[in-house]
Amino acid sequence: MAAGWRSAVLMAAMVLAPAALMPVQAAAQVAQSPVLQFQKLEDAWSVALANKDQFGLENLLLPTFIDISASGAVLTRNQAIADTLNGLPEPLLSVEQKVVNVRVVSDVAVVQGTYILRLKDDQKTRDERGIFTHVYQRSRNTWACISAQRTAVVDQIEGAKGRATAAEPQRKSNAAQPFHIPLLYKGAQPKPGATAPAGSGDAPDPRPGVNAPDATPAPSAAPASATPPASANPQR
């Protein structure tokens with residue numbers, strides 16, 4: 001009787017064990033979400049840049065890696081690593097990269113986020129803030145970056161009371177104003193009675209006689225006759 005009871009308890013435990021592990025497995029899957037997974041890679045990348053870790057950078061970047069900086073410079077992996085080790089174009093103090101969005105398609109992942117580069121320029125510390133797009137490729141169950149591009153949004157210098165030194169994007173849209181296409185569209189025409197702005201409208205034709213005021217005077221009224229009209233009933 002006791003043996004049968006123990007076997008029944010053991011069987012129930014075996015049935016309930018997978019159900020008890022389901023919350024743990026779900027939590028593990030959440031921890032391995034794409035954003036968190038690539039955030040770890042971005043953090044490792046930031047540490048390698050700040051520490052000038054050549055080995056760490058080579059593990060994170062594929063040999064075919066291409067980097068496009070905020071200034072428009074295009075560098076290969078070897079050039080980007082060499083510039084990091086030599087402190088070019090400016091000494092790098094720290095890097096902060098935050099993943100915002102991840103799109104995975106087969107063995108390719110597009111990672112987008114924000115970054116803050118703390119640089120030292122002429123004994124002054126400045127922060128370059130912007131957005132980045134990193135393209136990763138999976139090889140041998142490991143993700144490595146194949147392309148990177150940064151776009152600076154704000155450039156601040158320490159001690160400038162937070163004043164942006166780089167041009168910020170315009171918040172006022174000019175979409176309602178028509179654009180100008182040479183030879184195809186001359187832009188908005190002024191309303192009747194409105195004064196056209198300087199430099200607008202078509203230039204006068206330099207050919208003689210074209211766009212010139214008409215010099216022909218308007219026909220004048222016939223002069224009154226000085227001879228009095230004949231009387232209708234002349235005296236006989």
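Owing to the predicted nature of the structure, the values given are computational and were not obtained by experimental measurement.

Participant: Looking at this structure, I do not really get the overall build of the chain. What am I missing?
Facilitator: For the chain, the helix and strand inventory stands at four helices and six strands. Seen in sequence order, the chain has helices and strands lined up from the N terminus as α-α-α-β-β-α-β-β-β-β. Considering the chain as a whole, with its 236 residues, one finds that 20% of them fall into the buried category. The contacts of the chain with a sequence gap of at least 6 include a subset with a gap of at least 24, amounting to 47%.

Participant: Got a minute to help me understand helix H2 (residues 34-50) in this structure?
Facilitator: Structurally, the α-helix is built with 3.6 residues per turn, so residues lying three or four positions apart point the same way. Across its 17 residues, H2 extends 24 Å between first and last C-alpha, which sits within 8% of the 24 Å expected from 1.5 Å per residue. Those residues of H2 not exposed but buried are Phe38, Gln39, Leu41, Glu42, Trp45, Ser46, Ala48 and Leu49. One or two steps after H2, the chain reaches lysine 52, where phi turns positive at roughly 55°.

Participant: Is there a simple way to think about the packing of aromatic side chains in this case?
Facilitator: Given two aromatic rings, their pairing is described by the distance between the two centres and the angle made by the two planes. Counted according to the given criterion, the structure contains three aromatic pairs. Put simply, the rings of Phe38, Tyr136 and Trp143 pair up and form one aromatic cluster.

Participant: Would you mind showing me how to read the nonpolar core here?
Facilitator: In summary, soluble globular proteins display a tendency toward joint burial of nonpolar side chains. In terms of nonpolar packing, the biggest core is built from 24 residues, with Phe38, Trp45, Phe65, Val111, Tyr136 and Cys145 touching the most fellow members. Of all the elements in the fold, those that place two or more residues in this core are H2, helix H3 (54-60), strand S1 (61-68), helix H4 (77-86), strand S3 (92-105), strand S4 (108-121), strand S5 (124-139) and strand S6 (142-157). If near-sequence neighbours (up to four positions away) are discounted, cysteine 145 is found in contact with Trp45, Leu60, Leu61, Leu62, Phe65, His134, Val135 and Tyr136.

Participant: When you look at H4 in this model, what are you seeing that I'm missing?
Facilitator: What H4 keeps buried is the set Arg77, Ala80, Ile81 and Thr84. For H4, the angular spread of the buried residues around the axis is 95°, confining them to a single face. Turned more than 90 degrees from where H4 packs its buried face, Asn78 and Asn86 sit exposed. Where H4 is buried, its residues contact H2, H3, S1 and strand S2 (74-76). Positioned one or two residues after H4, glycine 87 has a phi angle of 70°, which is positive.

Participant: I would appreciate a short explanation of the confidence of the model for the chain in the present structure.
Facilitator: Detail in the predicted coordinates should be disregarded across regions flagged by low pLDDT. Mean pLDDT over the chain works out to 74, with 52% of the residues at or above the 70 mark. Across residues 24-30 the pLDDT falls below 50, and counting only partners more than four positions away or on other chains, this stretch makes one contact in the model. Every residue in residues 167-173 scores below 50 in pLDDT, and together they form four contacts with partners more than four places removed in sequence or on other chains.

Participant: So what exactly am I meant to see when it comes to the pairing of S3 here?
Facilitator: Remark: a regular strand shows side chains that alternate across the two faces of the sheet. Two elements, S3 and S4, share twelve bridges in a ladder whose sense is antiparallel. Residue pairing across strands places glutamate 96 opposite isoleucine 116, the latter belonging to S4. In this antiparallel pair of consecutive strands, S3 and S4, the connection spans two residues, and serine 106 shows a positive phi of 60°.

Participant: When you look at the pattern of salt bridges in this model, what are you seeing that I'm missing?
Facilitator: Where charged atoms from two side chains of opposite charge approach closely, those side chains can pair. All chains considered together, the criterion is met by five salt bridges. Between arginine 138 and aspartate 107 there is a salt bridge, and its shortest N-O distance comes to 3.2 Å. One end of the pair, arginine 138, is in strand S5; the other, aspartate 107, is in the loop between S3 and S4, and 31 residues separate them in sequence. A single network of salt bridges, built from pairs that share partners, joins Arg118, Asp127 and Arg129.

Conventions adopted
- Residues numbered from 1 in each chain as written.
- Predicted model: local features only at pLDDT ≥ 70, side-chain atom pairs only at ≥ 80, totals over all residues.
- Heavy atoms only, no water.
- Helix = DSSP H or I, 4+ residues; strand = E, 2+ residues; numbered from the N terminus.
- Buried < 20%, exposed > 50% of the residue type's maximum accessible area, 1.4 Å probe, protein only.
- Contact = heavy atoms within 4.5 Å.
- Expected span 1.5 Å × (residues − 1).
- Phe/Tyr/Trp six-rings, centres within 6.5 Å; stacked < 30°, edge-to-face > 60°.
- Core = buried A, V, L, I, M, F, W, Y, C linked by side-chain atoms within 4.5 Å.
- Arc of directions from axis to C-beta.
- pLDDT = per-residue confidence, 0-100.
- Pairing = 2+ DSSP bridges.
- Salt bridge = Lys/Arg side-chain N within 4 Å of Asp/Glu carboxyl O.

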